[in-house]
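What follows is the residue order along each chain.
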Amino acid sequence: MSAALKSQRFREEREADWKRLEGLMDRAEKRSVSSLSDEEILAIPVLYRSTLSALSVARETSLDRGLIDYLEVLSARAYFFVYGSRSTLPERLGGFFRKDWPAAVRSVWRETVVAALLTVLGAVAAALLIAHDAQWYHVFVPQALAGGRDPAAATEVLREMLYDGGGSGDGLSVFATFLFTHNAQVALLAFALGFAFCIPSLMLLIYNGATLGAFLSLYFSRGLGLELGGWLLIHGVTELFAVMLAGAAGIRVGWSLAFPGALSRLDSLAAAGRTAGAVMGGVVVMLFFAGLLEGFGRQLITHDLIRYGVAAATAVLWGAYFYGPRREVAR
């Protein structure tokens, strides 16, 4: 029997199943899985295994190349349907924000507490040093970040920075952008350097706290502490929390590398990396949101009570989102 005849008979015996599988794949790909009935969905794995078996036979018996190519393509399409993820991008994003990100943040609560304590420690240490010698201010606040807002500046100049939306507003915008960029860099570095047994992450958190403490010390010494608090917190609740979460993610990675426990170091690092990666995916969103608050809310809202109100609202929202009681949705 010729190879062409064998191939034709082989196709005739099984072609109905292949055509059925192909039709189901066309509908699932062009529309959605919901366009298939339960019976059709259950039939796909059976048809897939049958097609895969036919492909194996076609290869072993050296049937015509066109038939083999057709079966390879059909098998690949069915494989991704049977074994691949069929969730859509909106579904995956919804799952991340609804479940994955909050769960990851809750799982690093110990590291988050450590990050917060280190930030406070840095702020208190910087404030005490500056109270003893004002020159310490320049150690903790780079000249580019200070932008002339230092112990030598007049009190009225410092006040204008907090409220002036015009005139010196360009300088204020540049300073605000620099401050946001600084905190974003600290957040990313605190996570990225966590692999070095989390030591650089710890140091960055202390340094960031010291920078914050230096600003607070300067403004409190001029009687502008309340005003500075509103100016910072309207975006700082989100931004500083994001920095702490990034530091917590870095600490989790570094700690798992230094102390893997019962797991191998590689497995421990992989598990920590998945959690830290989910945390950092959300941190990027938080930094974007903080940037909006910094670029618009802080510049447009100049009333202290409203600034504190916005800060309190963001604190409540983040607290409820991450740590509030959660209800599982029945499926």
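To start, this report covers the structure provided alongside it. (Residues numbered from 1 in each chain as written. Predicted model: local features only at pLDDT ≥ 70, side-chain atom pairs only at ≥ 80, totals over all residues. Heavy atoms only, no water.)

1. A short note on the environment of Leu158
Right, so step 1: You can see Leu158 is positioned in helix H8 (residues 155-163).
Right, so step 2: Under the relative-accessibility criterion, Leu158 is labelled buried at 0%.
Right, so step 3: Separated by 61 residues in the primary sequence, Leu158 and Tyr219 have C-alpha atoms spaced 7.7 Å apart.
Right, so step 4: Setting aside residues no more than four positions away along its own chain, Leu158 makes contact with Arg149, Ala153, Leu218, Tyr219, Arg222 and Leu224. (Helix = DSSP H or I, 4+ residues; strand = E, 2+ residues; numbered from the N terminus. Buried < 20%, exposed > 50% of the residue type's maximum accessible area, 1.4 Å probe, protein only. Contact = heavy atoms within 4.5 Å.)

2. So, the side chain of Thr314
Right, so step 1: One can find Thr314 in helix H13 (residues 304-323).
Right, so step 2: Residue Thr314 is classed as buried on the basis of its relative accessible area, which comes to 7%.
Right, so step 3: Aside from chain neighbours lying at most four places away, what touches Thr314 is Val237, Thr238, Phe289 and Leu293.

3. What about the pattern of salt bridges?
Right, so step 1: On inspection of all chains with the given rule, the structure shows 10 salt bridges.
Right, so step 2: With its nearest N and O atoms 2.9 Å apart, the salt bridge here joins Arg65 to Asp69. With a gap of 4 residues between them, Arg65 and Asp69 both fall in helix H3 (residues 65-83), about one helical turn apart.
Right, so step 3: With relative accessibility at 34%, the residue Asp69 sits in the partly exposed group.
Right, so step 4: Put simply, Arg65 and Glu72 hold a salt bridge, and the shortest N to O gap is 3.7 Å.
Right, so step 5: A relative accessible area of 27% means that Glu72 is categorised as partly exposed.
Right, so step 6: Each of Arg59, Arg65, Asp69 and Glu72 takes part in one network of salt bridges that share partners. (Salt bridge = Lys/Arg side-chain N within 4 Å of Asp/Glu carboxyl O.)

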